[in-house]
Protein chains: 2
Amino acid sequence: MDPQQLRTFVTVVDHRSFSAAAQALGYTQSAISQHIAALEADLAAPLLFRRPVAPTEAGERLLEHARPLLLRLDAARADIARLRQERPGRLALACTPGALTPATALALVRARTATPRLVASVRMCGRAEAVQAVLTGTADLALVDGAVAPSDPLPLPDAAPLPAFPVSEEPLAVLLPATHPLAGRPALRLADLAAARWIDAPDAAVPLAQLRAAAQSDGFGHQLTYTGTDIRGLSVLVAAGAGLTTAALPAAKDLPGIAAIPITEPRIVHRTELLHPRTPTSPTAELLDALRPKQSH
Amino acid sequence: MDPQQLRTFVTVVDHRSFSAAAQALGYTQSAISQHIAALEADLAAPLLFRRPVAPTEAGERLLEHARPLLLRLDAARADIARLRQERPGRLALACTPGALTPATALALVRARTATPRLVASVRMCGRAEAVQAVLTGTADLALVDGAVAPSDPLPLPDAAPLPAFPVSEEPLAVLLPATHPLAGRPALRLADLAAARWIDAPDAAVPLAQLRAAAQSDGFGHQLTYTGTDIRGLSVLVAAGAGLTTAALPAAKDLPGIAAIPITEPRIVHRTELLHPRTPTSPTAELLDALRPKQSH
DNA sequence: CCATGGGTATCAGTATCTCTGATGCTGGAT
DNA sequence: ATCCAGCATCAGAGATACTGATACCCATGG
């Protein structure tokens, strides 16, 4: 079970084809076939149905481990590369759409001003991608938001642990069309909306899975999945009555055609946390300190 | 960075010697030297000081990833092996000392009675070992206890996620010598004890790290570390005034020479959770169902 | 029913890699 | 200064991991 073979396996699953995976990885199709055969022999279980190519039950189990394993291998490599301090003048921030608040943006601007020749960058992306970016060293910091119970940390992918601390917390709000019968209410209870029509926009707003977990409910079925990080486009769908979503109250207040109603029950907050590598290097460490909540101990 | 090399690396660190690692792994010393050289070339960083052998900074970073990676590789293998249902008549339970309550023990006895020819086993061990046993298939289920805030799940190692649910929850108690000035109190606040002398017995009682996390405090410094899973031996130390520990109130009540005082502040409970593989097989699944809390949904 | 074509499995051969065993080298102890 | 325990290096044998060619398999269409 060497990483090369695992990488081949996930690539084959992604492409649903041996030959396409061969092309993607720069091998011959023969090599791919041999990799899979070796894995199957090693694990003494068929991993793929052929024609069409799809993972078997055993293949599904392996996939659940293979992706995090490969990610963590990259994370290990990145952790060590960071010790060599290869990009002294860089500050790359990966960020989910709901996570960038004025306060943190200001801190970034100050860091940029304080350090001349600092090349700062912000990349807006989904949760998994942001975490992955910090793990693999593509980004130096990540701002990730989500909806959780007040005392809980944000749920993060299981590939490797990553230190984090909260940078802001706002009420969670439901986004309704302005014409919705409930749009005038001052506040809403989430339970009253469990049976509504929802849009799952995991990279633009709060993933429904987090709502279910925080509300400890099996509701929130969705008819529509929205892919992308643009909350404006999402709001158009909501305004048109395609379904509801949740977001931080301040971020949702001024969307056209949308009523943002705070949720009072259960106690859920919209929190954004800053994720950082174990051993941050120079310009990153300063921003980190500026954003870290001061605590008296 | 193939797993074989990583395994060599952690073995070398554990043995603090190339030659000893070679012996342990069944290689020649030459092969070990080449493994480490290959890793260092691949990562472009020295991983070990030689003579005496000790990890460098980069080596430390690698270690943090290497052990969980190797564990998860084993977990993947075990997950797939389980699908082949290799041990139909086995039920192996790994268990931390504070986790085995009469109710769960009874359920185990009933399962044993219900299925003739069932080979049941219980192994008492530390937290990390119990989790590892389920991950690698050495055990079918694990009962793990700990002290946390009432709504939080138990903290578990980061190698791979493992489904879990609570099976029992009791008040957390401090163990004091019966002669201690506070021994007569009906209840205590943890903050009043932060400066006391503590024994860290991570495998026999509640690890101090969990107390610190649950109390959000930096206190609870320890002078004495207790290795082992025997709570009786630990209680002798407490009775002799070596320091304090915490445990579940019912389990601690009848220890000789010990006063077990419940903790009221902060709100911390002693909970035990049942960890199980994603796809439990026959005799395991039944016990799992018997212990799973019934919920109306 | 056969022919075709897209796609996986197998095979042989070569280049590479990964061990072992022998030997060189180095730092610390006497 | 010498010794020696222990890591590094080297050459060579055996195992491995690729490629390219070809066989095979199944779905489709005539």
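Looking at an unreviewed UniProt entry, one finds chain A named LysR family transcriptional regulator and attributed to Streptomyces albipurpureus. Under the Sequence similarities (unreviewed entry) heading, UniProt states for chain A: "Belongs to the LysR transcriptional regulatory family."

Peer 1: Mind showing me how you'd approach the protein's contact with DNA strand D here?
Peer 2: In the region of DNA strand D, 18 residues are neighbours, and Thr28 and Ser30 of chain A together with Ser19, Ser33 and Arg50 of chain B sit closest. The sugar-phosphate backbone supplies 53% of the atoms of DNA strand D found within 4 Å of the protein. Grouping the constituent residues of the surface near DNA strand D by class yields four nonpolar, 11 polar and three charged.

Peer 1: Which parts of the structure should I look at to understand the nonpolar core?
Peer 2: Nonpolar side chains tend to gather and get buried jointly when the protein is soluble and globular. Judged by nonpolar contacts, the single largest core of 54 residues is most densely connected at Phe9 and Leu62 of chain A together with Phe9 and Leu62 of chain B. When contributions to this core are tallied by element, the ones reaching two or more residues are α1 (3-15), α2 (18-25), α3 (29-43) and α4 (57-83) of chain A together with α1 (3-15), α2 (18-25), α3 (29-43) and α4 (57-83) of chain B. Once residues within four sequence positions are removed from consideration, leucine 62 of chain A is found in contact with Met1, Leu6, Phe9, Leu39, Leu43 and Leu47 of chain A together with Ala76 and Ile80 of chain B. One finds Trp198, Val206, Ala259 and Ile261 of chain B within the second-largest nonpolar core, a separate group that totals 21 residues.

Peer 1: Whenever I open this one, the domain arrangement of chain A confuses me. Can you help?
Peer 2: One widely used convention gives an interface's size as the accessible area the parts lose upon coming together. Residue and element names in this part refer to chain A. Per the domain assignment, the segments of chain A are domain 1 (3-83), domain 2 (90-167 + 272-291) and domain 3 (169-268). If you average the C-alpha positions of domain 1 and of domain 2, the two centres end up 30 Å apart. Taken together, the contacts link eight residues of domain 1 with 13 residues of domain 2. Interface of domain 1 and domain 2: buried area, both sides summed, is about 910 Å²; carbon and sulfur atoms make up 64% of it. Broken down residue by residue, the surface that domain 1 buries against domain 2 is led by Leu71, Arg72 and Arg82, which jointly contribute 61%. Applying the counting criterion to the domain 1 and domain 2 interface returns zero salt bridges. Split by residue class, the side of domain 1 that touches domain 2 holds five nonpolar, no polar and three charged.

Peer 1: Is there a simple way to explain the protein's contact with DNA strand C in this structure?
Peer 2: Inspection of the region around DNA strand C gives 18 residues, with Ser19, Arg50 and Arg51 of chain A together with Thr28 and Ser30 of chain B positioned closest. Counting only the atoms of DNA strand C within 4 Å of the protein, the fraction contributed by sugar and phosphate is 52%. One nitrogen or oxygen atom from the side chain of serine 19 of chain A is found 2.4 Å from a phosphate oxygen belonging to DNA strand C. Of all the secondary structure elements, the ones that give two or more residues to the surface near DNA strand C are α2 and α3 of chain A together with α3 of chain B.

Rules and cut-offs
Residues numbered from 1 in each chain as written. Chains lettered and ligands numbered in written order. Predicted model: local features only at pLDDT ≥ 70, side-chain atom pairs only at ≥ 80, totals over all residues. Heavy atoms only, no water. UniProt positions renumbered as here; feature names shortened; annotations may be inferred. Near = heavy atom within 4 Å. Nonpolar A, V, L, I, M, F, W, Y, C, P; charged D, E, K, R; others polar. Core = buried A, V, L, I, M, F, W, Y, C linked by side-chain atoms within 4.5 Å. Buried < 20%, exposed > 50% of the residue type's maximum accessible area, 1.4 Å probe, protein only. Helix = DSSP H or I, 4+ residues; strand = E, 2+ residues; numbered from the N terminus. Contact = heavy atoms within 4.5 Å. Domains from an automatic or database assignment. Buried area = accessible area lost by both parts, 1.4 Å probe. Salt bridge = Lys/Arg side-chain N within 4 Å of Asp/Glu carboxyl O. Polar contact = N/O pair within 3.5 Å; in protein donor to acceptor, adjacent residues only side chain to side chain.

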